[in-house]
Each structure stands twice: as C-alpha cells, then as structure tokens.
Amino acid sequence: MNVLRVRELLNDVAAHSDWHFAIGVRIRFANPTLLYQTYPREWINLYADKALIFVDPTVRWGLEHPGICRWSDLAGTDEAGVMEKAAEFGLRYGLVVSVGEASARTLGFFCREDRELDEDEAQFALAQVQKLHDLTEGITSTTEGQLAELRNLNASLRR
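Every chain is numbered independently, its residues counted from 1 as its sequence is written. Local features in this predicted model are restricted to residues of pLDDT 70 or higher, and side-chain atom pairs are both shown and tallied only at a pLDDT of 80 or more, whereas totals for entire chains, interfaces and linings draw on every residue. For the side-chain quantities, the full set of heavy atoms in the structure was used; hydrogens and water were omitted.

Caption draft 1: Up close: the pattern of salt bridges. The term salt bridge refers to a pairing of a side-chain nitrogen on Lys or Arg with a carboxyl oxygen on Asp or Glu at a separation within 4 Å. This model, assessed by the stated rule, comprises six salt bridges. Here arginine 26 makes a salt bridge to glutamate 137, at a shortest N to O gap of 3.1 Å. Taken together, the residues arginine 26 in strand E1 (residues 20–28) and glutamate 137 in the loop between helix H5 (119–135) and helix H6 (144–152) connect sequence positions 111 residues apart. Three exposure classes are used, based on accessible area relative to the maximum for each residue type with a 1.4 Å probe and protein chains only: buried under 20%, partly exposed in between, and exposed over 50%. You can call arginine 26 buried: its relative accessible area is 5%. You can call glutamate 137 exposed: its relative accessible area is 57%. Through salt bridges with shared partners, a single network forms among Arg112, Asp114, Arg115 and Glu121. Under the scheme used here, helices are H or I runs from DSSP no shorter than 4 residues and strands are E runs no shorter than 2 residues, and both carry numbers assigned from the N terminus.

Caption draft 2: Here's a closer look at the packing of aromatic side chains. Whether two aromatic rings pair depends on their centres lying within 6.5 Å, for rings of Phe, Tyr and Trp, where Trp uses its six-membered ring; planes under 30 degrees apart make the pair stacked, over 60 edge-to-face, and the rest tilted. Summed over all chains, the structure comprises five aromatic pairs. An aromatic cluster is present here, built from Trp19, Phe21, Phe110 and Phe124 joined pairwise through their rings.

Caption draft 3: Summary view of the state of the cysteines. Our working definition of a disulfide is a cysteine sulfur pair at a distance within 2.5 Å. Scanning all chains against the criterion turns up zero disulfides. Cysteine cysteine 69 shares no disulfide, and the gap to the nearest cysteine sulfur, in cysteine 111, comes to 14 Å. Under the relative-accessibility criterion, cysteine 69 is labelled buried at 9%.

Written out as structure tokens, the structure reads:
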C-alpha cells in the first residue's frame, strides 16, 4: 500500500474544486476500511450522533449502484430529511460516486454550497474515487501500522 500515492491523490481531490467531500474506501458490512472527509465538524458530529448513515439516501444509492448520481435526483427518497439537514451546514448541492464490487464498494460524496457540480467535476470525482479504490486493492492484508498511517491522512485534509 503506497501511502504517498494515496496522500497525493487526496490532496489533488481537496485542491480540485471548492467542494467538501467524504470518501469511504472499500466498505464492508456498512463500515469503510478508510474514511476521508472535509465536511464541517459540526455536520460530522450530527451525522454520527443521529446515525444518519442508516437513513441517508445517498449512501443507500451508492451501496446499491455503481456510477454517479446527483443528490437532487434522490431528494424524493429522503424521508428522513438528511439532505435538508446537510444543506444547513453548507452541503447543499452534491453527488455520490460509487465504484467497485458490491462486497467492497468505495463511495465518494462531493458537495458545494453555491451550485450543482458541473460535468467536469463529476468526472474528476469519479476518476479519483476509482483510482483510490484501485490503490487500495489488497488492503485486507495491510498491516495495522500501514492502516494507521493511511487513516491519519484524514487529519491533513481538514480545512
């Protein structure tokens, strides 16, 4: 597992657009092996405290489908109001990117406050999530030390 390549990829994603993102890498049994996010801390805390992952239509879509889906296309399925709550934290316009096999998907969530993400941003997000998924092939045989190093990359993404 090349930590430097993962760090460079994450830095490229963070610098590419004025967006916030969360990327869950190789999700198994609803738990990502790695999680990288630049969401506001208050939103992260609320999302965890209220266990919104279990009612989030963007997560459900990503676990069930490969590809790209805009949050606005899922608004009608958001019975718990997750996207409305996210908008209160500046996470108003978003998309979900899903790659990999169903047993270990990698999901990326990218959002902006000011406008829908354009097609170039969507394609960049898809390509980077795919690269991150590919870079983490074989992660189940990674040592705990390497995993800790990969997990610690999240701290450098905070804005």
